[in-house]
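Residues per chain, in single letters:
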Amino acid sequence: MQDIQAAGPLSIAPLVRRMQFGGWLGAARTYSDFIGVQTYTRVRIGLFGARPPSGVELTAAGYEYYPKALGNMIRFAARKIGKPVYVTESGIATDDDSRRVAFIDEGLAEVRQCIAEGISVHGYIHWSLLDNFEWTAGYGQHFGLVAVDRTSFVRTPKPSAFHFGERARSGRL
């Protein structure tokens, strides 16, 4: 569920939102006990479709670094189905782990704000524990809290893993 936003006054963003979310959100409203939100960025839509990010920080996956998308999509999902929300994935691809730490903190601030607004958010799962195989990029991008040596398979926690663990242990968003 990427945060689809209008880019300018003439935009087909409402049409794109309906195409992306319309059918299955209706089914979730009727048949689900909760909604899982997987959000990584926003997509800006103009009159002729998606506009590539310009003049903004990009992740290694080429997405705009935009943790506010998480709060926007929690609000959107809660509004559309009126049931509890679980963040089932949120994170970034980067080789600069300090940016991952910042993304975690900014994303959790969005979750905290949504809860303060009265939205029933029940959980947050970071994307991903391990540097994994990404469908379109193989092993070239690093998403995980834990690095994996592809030769020895040794796993090494990154500073972001310890940071996220401390946040979880403290019970603070």
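Up top you'll find the structure we're talking about.
This structure is a prediction, so every number in the text was calculated from the model and none was measured. (Residues numbered from 1 in each chain as written. Predicted model: local features only at pLDDT ≥ 70, side-chain atom pairs only at ≥ 80, totals over all residues. Heavy atoms only, no water.)

Some details on the layout of surface pockets
1) Next: Put simply, the largest pocket is a space of about 180 Å³.
2) Next: Around the largest pocket, the lining is made up of 13 residues, and of these Arg44, Arg51, Pro52, Pro53 and Glu64 lie nearest the centre.
3) Next: Among the elements that make up the lining of the largest pocket, the one with the highest residue count is strand β3 (residues 42–46) (three residues).
4) Next: Its residues assigned to classes, the lining of the largest pocket shows six nonpolar, three polar and four charged. (1 Å grid on protein atoms, 1.4 Å probe; cavity = no way out; pocket = protein on both sides within 12 Å on 5 of 7 lines; lining within 4 Å. Points joined across faces, edges and corners; volume = space filled by probe spheres on them. Helix = DSSP H or I, 4+ residues; strand = E, 2+ residues; numbered from the N terminus. Nonpolar A, V, L, I, M, F, W, Y, C, P; charged D, E, K, R; others polar.)

Focus: the sheet that holds β3
1) Next: Overall, mixed pairing links the three strands, which are arranged β1-β3-β4 in an open sheet. Strand pairing shows two members of the sheet lacking a second neighbour, β1 (3–6) and β4 (49–51), which therefore form its edges. Between one strand axis and the next, the sheet turns through 45° on average, direction left out of account.
2) Next: Here β1 runs beside β3; their pairing, made up of four bridges, is parallel. Within the sheet, the bridge partner assigned to Ile4 lies in β3 and is Val43.
3) Next: Where helix α1 (residues 13–31) meets the sheet, it contacts β1 and β3, and its direction lies at approximately 160° from that of β1. (Pairing = 2+ DSSP bridges. Axes fitted to C-alpha atoms, helices over the stretch in contact; angles between N-to-C directions. Contact = heavy atoms within 4.5 Å.)

So, the pattern of salt bridges
Two side chains that carry opposite charge are able to pair once their charged atoms sit near each other.
1) Next: Going through the model one piece at a time under the given rule, you end up with eight salt bridges.
2) Next: In this structure, Glu117 engages Arg75 in a salt bridge whose closest nitrogen and oxygen atoms are separated by 2.8 Å. Taken as a pair, Glu117 in the loop between α3 (97–116) and β6 (121–124) and Arg75 in helix α2 (residues 68–81) lie far apart in primary sequence, 42 residues in all.
3) Next: The salt bridge involving Arg167 is made with Asp105; its shortest N-O contact spans 2.5 Å. One end of the pair, Arg167, is in helix α4 (residues 159–170); the other, Asp105, is in helix α3, with 62 residues separating them in the sequence.
4) Next: With a relative accessible area of 26%, Asp105 lands in the partly exposed category. (Salt bridge = Lys/Arg side-chain N within 4 Å of Asp/Glu carboxyl O. Buried < 20%, exposed > 50% of the residue type's maximum accessible area, 1.4 Å probe, protein only.)

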